[in-house]
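If you want the building blocks of each chain, they are given just below.
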Amino acid sequence: MTDTSPADAPADRPADAPADRPADAPVGAPTGLRALLPDLAPWRASRDFRRLWVSGLITNFGSFLTFVALPVQIKELTGSAAAVGAIGAVELVPLVVFGLYGGALADAWDKRRLILWTEAGQGVACAALLVNALMPSPAVWPLYVIAAFTSALGAVQRPALDSLIPRIVAHEHLPAAASLNALRWQVGGIAGPALAGVVVAYAGLGWAYAVDLVTFAASVALVVGLASSPASHEARRPSWAAIAEGARYAWSRKELLGTYAVDVAAMLLAMPLAVLPFLADELDAEWSLGLMYAAIPAGSLLVSVSSGWTSRVHRHGRMVVLAAAGWGVAIAAAGFAGNVWLVLLCFVLAGACDMVSGVFRSAMWNQTIPDELRGRLAGIELLSYSVGPQLGQVRAGGTAALVGVRASVWSGGLLCAGAVGLLALCLPTMMTYDARTNEHAVRLREKRAADAAGG
């Protein structure tokens, strides 16, 4: 799905370009099947990117064990879909408050230090889950308290992680870095839930939490080796006024607003994770729960391992819209399907669409937002791709309690597709965004080139 319209193609092909190379491909770019393979340029060029990537892979693997174990434990203790969906409700307030303030902290403090301490704090929270699970009669209320605490730490950490990437990766490699980061998440997202289903069923919840705790310890050891990343000279001290400045900038960028709104709509209306334990029961396929959790990351992985084409797409906003609508259609199809294997296939297709949307959202953000605002805008981004899923859990669980599990899934998918189409009509600048000509992308590209030449 690259841009190959005649209006966008350059008039002259380089003299040394092979006949089968697209007209807008750089000299030396891979062609054919090799052009689909992930671009490893960020991995080869940046030691800190490699260290951060491996750290994220390890901790994501463990976190997905807890991601599956926690709702299963609440289901076992309460038997209520609404109680499982309430996890999203208790995580929402800390996510909003600390996500916004965490963005201001990421602009004003050393990003490495923020990442290190929040990673260690999440390890402590995991240890508390383990202690509760090993008690003769585990309590329900600590699960919600720990979920809220972990949400707050993750909200502080994520803007620092996101705003660090443009500092350690070259401007032209940022789309490739987004694909590689997503690949890291997907490997954990597939292996973690699949293993969690087996571990929880045969070894118990305590083992899932214990493995997660070990992965946090390994991740902290890797983060310690990252280079310091202090605040830029233009950064403001963390305050609500600084947060408001970031919000005003985001409001002035309607193409960015469009990406935020589309992602919130997709996750709020069509995120089915809270009801998956109940969906597996309805399909008489309790054994499939781990596969259900793994299917969406598996679809994302299929896109990541063939993501070479993403570097040749320039109309990022258009791809965000098409992919988000595809996510909704695939989720709706999963709700209508009565066969567990068809449900799994629909979730794989949904994951592929979500990955495409995520890559181009990330590219738009990283290639157009100034460094001094990057943390605060990353805090807003965190809300767009995290608040939606949290509220989506509440919506899915509440709707399932009212109209049934499968109706909750298919109705959310249809609402998502309709909402995305409406947003595309209301925000035309998102559909016309072009990374080659957008004034913000051009300005940041020229600034980074000048900084590199002067440094």
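The preceding data block contains the structure.
The rules behind each value
- Residues numbered from 1 in each chain as written.
- Predicted model: local features only at pLDDT ≥ 70, side-chain atom pairs only at ≥ 80, totals over all residues.
- Heavy atoms only, no water.
- Helix = DSSP H or I, 4+ residues; strand = E, 2+ residues; numbered from the N terminus.
- Buried < 20%, exposed > 50% of the residue type's maximum accessible area, 1.4 Å probe, protein only.
- Contact = heavy atoms within 4.5 Å.
- Areas by Shrake-Rupley, 256 points an atom, 1.4 Å probe, with all protein chains shown as cover.
- Expected span 1.5 Å × (residues − 1).
- Bend = angle between axes of the 7 residues up to and from the residue.
- Core = buried A, V, L, I, M, F, W, Y, C linked by side-chain atoms within 4.5 Å.
- Phe/Tyr/Trp six-rings, centres within 6.5 Å; stacked < 30°, edge-to-face > 60°.
- Lys NZ or Arg CZ within 6 Å of the ring centre and 35° of its normal.
- Salt bridge = Lys/Arg side-chain N within 4 Å of Asp/Glu carboxyl O.
- Disulfide = S-S within 2.5 Å.
- 1 Å grid on protein atoms, 1.4 Å probe; cavity = no way out; pocket = protein on both sides within 12 Å on 5 of 7 lines; lining within 4 Å.
- Points joined across faces, edges and corners; volume = space filled by probe spheres on them.
- Polar contact = N/O pair within 3.5 Å; in protein donor to acceptor, adjacent residues only side chain to side chain.
- Axes fitted to C-alpha atoms, helices over the stretch in contact; angles between N-to-C directions.
- Parallel < 35°, antiparallel > 145°, perpendicular 65-115°, else oblique.
- Left-handed = near helix turned anticlockwise from the far one by under 90°.
- Nonpolar A, V, L, I, M, F, W, Y, C, P; charged D, E, K, R; others polar.

## With respect to the overall build of the protein chain
And step 1. On a plain count of helices and strands, the protein chain comes out with 17 helices and 0 strands.
And step 2. Per-residue burial for the protein chain yields a buried fraction of 55% across its 455 residues.
And step 3. Long-range contacts, defined here as pairs at least 24 residues apart, represent 85% of the contacts in the protein chain between residues at least 6 apart.
And step 4. Total accessible area on the protein chain stands at roughly 18,800 Å², and carbon and sulfur atoms take up 68% of it.

## Re helix α11 (residues 289–304)
And step 1. Over its 16 residues, α11 runs 24 Å from end to end, which matches the ideal 22 Å to within 8%, given 1.5 Å per residue.
And step 2. Of all bends in α11, the biggest is about 35°, found at A295, and the proline P297 comes one to four residues later.
And step 3. The buried fraction of α11 amounts to 12 of the 16 residues, a majority that puts the element mostly inside the structure.
And step 4. All buried positions along α11 are accounted for by L289, G290, M292, Y293, A294, A295, I296, P297, G299, S300, V303 and S304.

## A short note on the nonpolar core
And step 1. If you look at the biggest cluster of nonpolar residues, it comprises 76 residues, and the most contacted ones within it are Y209, L276, L279, M292, W327, V343 and F347.
And step 2. At 11 residues, the largest contribution of residues to this core is made by helix α13 (residues 340–366).
And step 3. With near-sequence residues (within four places) excluded, L279 lies in contact with M292, V343, F347, V405 and R406.
And step 4. Core analysis: the next-biggest nonpolar cluster, separate from the first, contains 20 residues, L105, I115, L164 and V223 among them.

## Concerning the packing of aromatic side chains
And step 1. All told, the structure shown has 6 aromatic pairs when counted by the stated rule.
And step 2. For the ring pair F64 and F67, a centre distance of 5.8 Å and an interplane angle of 80° mean the geometry is edge-to-face. Note that F64 and F67 are positioned in helix α2 (residues 47–78) at a spacing of 3 residues, about one turn of the helix.
And step 3. Relative to Y293, the ring of F67 has its centre 5.9 Å away and its plane inclined at 80°; by these criteria the two rings are edge-to-face. Residue F67 is located in helix α2, and its partner Y293 is located in helix α11; the two are separated by 226 residues in the primary sequence.
And step 4. These aromatic residues form a ring-pair network of at least three members: F64, F67 and Y293.
And step 5. Here the basic side chain of K75 rests over the ring of F278, its NZ or CZ set 6.0 Å away from the ring centre.

## Remarks on the pattern of salt bridges
And step 1. Going through the model one piece at a time under the given rule, you end up with 10 salt bridges.
And step 2. Put simply, R443 and E439 hold a salt bridge, and the shortest N to O gap is 3.5 Å. One end of the pair is R443 and the other is E439, both in helix α17 (residues 439–454) and 4 residues apart, which spans about a single turn.
And step 3. By relative accessible area, which is 47% here, R443 ends up partly exposed.
And step 4. If you follow the salt bridges from partner to partner, you end up with D107, E245 and R376 in one network.

## Some words on helix α15 (residues 405–426)
And step 1. Here α15 spans 32 Å end to end across 22 residues, near enough to the 32 Å set by a 1.5 Å rise per residue.
And step 2. Every buried residue of α15 is accounted for by V405, A407, S408, V409, S411, G412, G413, C416, V420 and A424.

## Some points on the state of the cysteines
And step 1. On inspection of all chains with the given rule, the structure shows 0 disulfides.
And step 2. The thiol of C353 is not disulfide-bonded; the next cysteine sulfur, from C416, is found 9.9 Å away.
And step 3. The exposure class assigned to C353 is partly exposed, which follows from its relative accessible area of 22%.

## Overview of empty space enclosed by the protein
And step 1. Under the definition given, this model contains 3 cavities of 30 Å³ or more.
And step 2. Approximately 40 Å³ is the volume found for the second largest cavity.
And step 3. Lining the second largest cavity are D263, A266, M267, A323, A324, W327, C353, D354, S357 and R361.
And step 4. Of all elements in the fold, only α9 (254–270), α12 (316–336) and α13 reach the threshold of two or more residues within the lining of the second largest cavity.

## Describing the side chain of T66
And step 1. With respect to the helices and strands, the residue T66 is situated in helix α2.
And step 2. In this structure the side chain of T66 is engaged in a polar contact, spanning 2.6 Å, whose partner is the side chain of D212.
And step 3. Apart from the residues lying within four places of it in its own chain, the contact partners of T66 are P71, C126, L129, Y209 and D212.

## Focus: the packing of α2 against helix α5 (residues 141–168)
And step 1. At a minimum axis separation of 13 Å, α2 and α5 run at an interaxial angle of 160°. Taken together, the axes of α2 and α5 lie roughly antiparallel to each other. As for the relative orientation of α2 and α5, their crossing is left-handed in sense. Residues D48, F49, L52, L70, Q73, I74 and L77 of α2 lie in contact with α5, whose contacting residues are L143, Y144, A147, L161, L164, I165 and I168.
And step 2. Looking at the contact of α2 with α5 residue by residue, the classes come out as 12 nonpolar, 1 polar and 1 charged.

## Quick look at the side chain of Q73
And step 1. Its place among the elements puts Q73 in helix α2.
And step 2. Judged by relative accessible area, Q73 falls into the buried class, the value being 2%.
And step 3. Side-chain polar atoms of Q73 contact the side chain of Y209, separated by 2.8 Å.
And step 4. Other than its neighbours up to four places away in sequence, Q73 contacts N132, A133, P138, L143, L205 and Y209.

Remember that the coordinates give geometry; whether it matters functionally is a separate question.
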